[in-house]
Amino acid sequence: MSHEVDELFDAEMLQQAKTLSALMAVNSELMPESTTTIASLDAHTYEDKLSYRLENSSGDVILQTEGAPDAVDFEFVPGFSEKQVGGELWYAFGLDNTAKQQRVLMLQEDDFRSELRMDLTIDTVIPIMLILPFMLWLGWWTINQNFSSFNRLAAELRHKSADDYTAFVEGNDREEVAVVKRSLNHYLNRIEQTFLREKRFSADAAHELRTPLASLKAQLQSRLGNSTSEQQDELQPLLDSTERLVKLVESLLQLSKAELPPEQLKQINVASVLRQVLADQYSTAESKGLSYDARVPTVFQQTSDESYLYLLFANALDNAIKYAVPGSHIGIEVSENQIFVCNRVAADHVIDIDRITERFYRGKQLDVEGSGLGLSIVKNLAEQLRVQINFRHIDDEFCFIVTFDTDQ
Amino acid sequence: MELLLVEDDAMLGQAVEIGLSERQFLVQRVRTGAAAISELNRTHYDAIVLDLGLPDLDGTRVLASLRKKGMTLPVLVLTARDQSTEIVKQLDNGADDYMIKPFDMNELAARLRALVRRQRGYASPELKVGDIVLDDANHTVVVEGQAVNLSRREFELLKALMIAPERVHSRDKLEQVVFQNETQVESNALEVHVHNLRKKLGHKEWIQTIRGIGYRLQCK
């Protein structure tokens, strides 16, 4: 800004010098004979800050305003110049009219210019400063308005669970957001199709395995019925292995089922489902010399799905029965919003709690019959039912804990 | 007992044929739905074991076709699909029983015998467990040769326990059987009926309480 102010004043000095020079040329006979100083009128504070000096070509002053620097202090220089005189900075413009042997020197003190610069700056900056917060807010608001659809989309995307492939609703979005949404929906659809294909494959594969397994089992049973005791000794392990294979296929089918959400979650009596599981597996537990210590209330209402929850408890209890020390108790307790299934395990029982729900993970208990899929099924089912599951292994006690979300 | 086995898988079909033949069934095996319908039109069978996944006509259509023709022979469906909706669909479609692959040969034979017995009208209405005989048709119970007078609910409770003896029945399932759709049931109502039933049977130890879970019948 100071540069513009200087430009303006320089132009003004130039114009004034030209005007004075022209007047001097026209009225040369009116010029005083000796040096004349025009006295100050004290009419304005800037009066002494603007001066001029008229000289002849030899440098003799003809006419000058009061307060103008002496010719000794500020000699005539043609064109624009500036000089420090008595602690003040002066700007000057000198115009030499060689034809008339006259020279004009226009002078301006810096005080005058700097004050104006300051005033102009203040006049320009203050309104800007005043209006700036509003402008910034307006800018922020406008950007927000324009990007609010993107923000909403980003929030929706953030809150989308990993297995939620439902398409984004295309409402009254701006075109650019609608394009992004369409692409996202297309992408979600492709992922879902791939995921479903994979799930269908494992379910179909397990189904397809059932027929040859049925054939194998039926043939072994037939052979076993008509064989000598020596042959039976050979055939029985084969039948046992077939039974293990059957269980593995069933587990794979359950795992596949547990990857799909239940049709609808509704209020059910969880205690009733738990009792049914306990009843159904009672004879298995009994055959291992195990007994239940069940503390289950008559009613324990929660939002859930009966068949999924049955499968969850059945696998958890099956795990407890498998690994419990023979002759011990299996504790089943419902407390507030939690269900505990606890059993005693052997002193040398080694299990990594962090890996316990991994598929086919069985710790170091390889002698215990099982596929290592039971707790993976439990984990998947828990995710579908939106319940939390935890495992606790302290000393010789292993606990499986289901926590229901009380806010549901 | 003449049986039509409809199974497209050669190995399974052969194994089931041998297994059932060894259990005194006369088995005719076919591998397609069309062959099954043709065979049924030509020959009389006591029962049919029908696989659902056939290469030409689906087992469901074979079943619908024979029921449409008014054939009432018992049909046991073999399926690799274990969804309850699928099973309900087959039973509603006219199947009398179903088994999910892989199955136990002894159980298959036993179920077929029961189906044929029921079909011939001499399925026993009696349940017998140890010294208890329950006649569902005449609504009578005999314990150690002595008739015992039970209330309707006690009778239903005993029947439920006798259908699957040695098995633990959850109190919730027993309540459903005894009180059916009644909404206002006292919390200890089942215990009262169990107590009364034990007293009338004269052997309290026969009905075992499984604490926190339910009851089971143990009477040998």
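Note that this is a predicted model, so its numbers are computed, not measured.

Rules of the game
Residues numbered from 1 in each chain as written. Chains lettered and ligands numbered in written order. Predicted model: local features only at pLDDT ≥ 70, side-chain atom pairs only at ≥ 80, totals over all residues. Heavy atoms only, no water. Helix = DSSP H or I, 4+ residues; strand = E, 2+ residues; numbered from the N terminus. Buried < 20%, exposed > 50% of the residue type's maximum accessible area, 1.4 Å probe, protein only. Contact = heavy atoms within 4.5 Å. Areas by Shrake-Rupley, 256 points an atom, 1.4 Å probe, with all protein chains shown as cover. UniProt positions renumbered as here; feature names shortened; annotations may be inferred. pLDDT = per-residue confidence, 0-100. Buried area = accessible area lost by both parts, 1.4 Å probe. Salt bridge = Lys/Arg side-chain N within 4 Å of Asp/Glu carboxyl O. Nonpolar A, V, L, I, M, F, W, Y, C, P; charged D, E, K, R; others polar. Pairing = 2+ DSSP bridges. Axes fitted to C-alpha atoms, helices over the stretch in contact; angles between N-to-C directions. Left-handed = near helix turned anticlockwise from the far one by under 90°. Expected span 1.5 Å × (residues − 1). Disulfide = S-S within 2.5 Å.

1. Here we look at the overall build of chain A
Phase 1: Scanning chain A for helices and strands turns up eight helices and 13 strands.
Phase 2: By the burial criterion, 40% of the 408 residues in chain A qualify as buried.
Phase 3: A separation threshold of at least 6 residues defines the contact pool for chain A, and within that pool the share at least 24 residues apart is 62%.
Phase 4: When the accessible surface of chain A is summed, it comes to about 23,300 Å², and 54% of that surface belongs to carbon and sulfur atoms.

2. Some words on the overall build of chain B
Phase 1: Assigned secondary structure in chain B consists of eight helices and 12 strands.
Phase 2: The buried share of chain B, taken over its 220 residues, is 48%.
Phase 3: Counting only contacts in chain B whose residues sit at least 6 apart along the sequence, the fraction spanning at least 24 positions is 56%.
Phase 4: In the structure as shown, chain B presents an accessible area of about 11,000 Å², 47% of it carried by carbon and sulfur atoms.

3. Brief notes about the UniProt feature "modified residue: 4-aspartylphosphate" (unreviewed entry) in chain B
Residues and elements named next belong to chain B.
Phase 1: Per the UniProt record, the feature "modified residue: 4-aspartylphosphate" (unreviewed entry) sits at D51.
Phase 2: As for its placement among the helices and strands, D51 is situated in strand β3 (residues 47-51).
Phase 3: When its relative accessible area of 3% is taken as the criterion, D51 is described as buried.
Phase 4: When near neighbours in sequence (up to four residues on either side) are disregarded, D51 contacts V6, E7, D8, G59, L78 and K101.

4. Some remarks on the confidence of the model for chain A
Phase 1: For chain A, mean pLDDT is 86; residues scoring 70 or higher make up 97% of the total.
Phase 2: Least confident of the elements in chain A is helix α3 (residues 175-225) of chain A, whose mean pLDDT is 83; most confident is helix α5 (residues 270-280) of chain A, at 95.

5. Remarks on the interface of chain B and chain A
Phase 1: Listed per partner, the contact involves 29 residues of chain B and 27 residues of chain A.
Phase 2: Between chain B and chain A, roughly 2,500 Å² of surface is buried when both sides are summed, and carbon and sulfur atoms account for 52% of that area.
Phase 3: Where chain B packs against chain A, one counts four salt bridges.
Phase 4: When the shortest N-O distance is used, the salt bridge between R167 of chain B and D280 of chain A registers 3.4 Å.
Phase 5: Broken down by secondary-structure element, the contributors of at least two residues to the side of chain B that touches chain A are α1 (10-22), β10 (169-170) and α7 (171-179) of chain B.
Phase 6: With six residues, α1 of chain B is the single largest residue contributor to the side of chain B that touches chain A.
Phase 7: Considered class by class, the residues forming the side of chain B that touches chain A number 12 nonpolar, four polar and 13 charged.

6. What to know about the sheet that holds strand β5 (residues 88-97) of chain A
Residues and elements named next belong to chain A.
Phase 1: Spatial strand order, β1-β3-β2-β6-β5-β4: six strands in an open sheet with mixed pairing. At either end of the open sheet lies a strand with only one pairing partner, and these are β1 (36-38) and β4 (79-85). Each adjacent strand pair in this sheet contributes to an overall mean axis angle of 20 degrees, direction not counted.
Phase 2: Across eight bridges, β5 lies against strand β6 (residues 102-109) in antiparallel orientation. Each bridged residue has a counterpart across the sheet, and for N97 the counterpart in β6 is Q102.
Phase 3: Across the face of the sheet, helix α2 (residues 110-159) comes into contact with β2 (50-56), β5 and β6 while running at roughly 50 degrees to β6.

7. Section: unusual backbone geometry
All names here are of chain B.
Phase 1: The omega angle of the peptide bond from K101 to P102 is -10 degrees, so this bond is cis rather than trans.
Phase 2: Inspection of the secondary structure puts P102 in the loop between β5 (97-100) and α5 (105-120).
Phase 3: Even without glycine at this site, H139 takes up a positive phi of about 60 degrees.
Phase 4: Here H139 falls in the partly exposed class, since its relative accessible area comes to 39%.

8. Observations regarding the packing of α1 of chain B against α5 of chain B
Residue and element names in this part refer to chain B.
Phase 1: The contact between α1 and α5 brings their axes to 10 Å, and the two run at 65 degrees. By crossing handedness, the relation of α1 to α5 is classed as right-handed. Mapping the contact onto sequence places A15, V16, G19 and L20 in α1 and M105, L108, A109 and L112 in α5.
Phase 2: Here the contact of α1 with α5 is composed, by residue class, of seven nonpolar, one polar and no charged.

9. Describing helix α8 (residues 189-201) of chain B
Phase 1: Between its first and last C-alpha, α8 of chain B extends 18 Å over 13 residues, near the 18 Å set by a 1.5 Å rise per residue.
Phase 2: Where α8 of chain B is buried, its residues meet β7 (132-135), β8 (140-143), α6 (152-163), α7, β11 (207-210) and β12 (214-217) of chain B.

10. Let's talk about the state of the cysteines
Residue and element names in this part refer to chain A.
Phase 1: In this structure the tally under the stated criterion is one disulfide over all chains.
Phase 2: A sulfur-sulfur separation of 2.0 Å characterises the disulfide bridge that pairs C342 with C399. Across the disulfide from C342 to C399, rotation about the S-S bond amounts to roughly 115 degrees, and the bridge is consequently right-handed. Separated by 57 residues along the polypeptide, C342 in strand β11 (residues 338-344) and C399 in strand β13 (residues 397-403) bring together distant segments of the chain.
Phase 3: For C342, a relative accessible area of 14% translates into the label buried.

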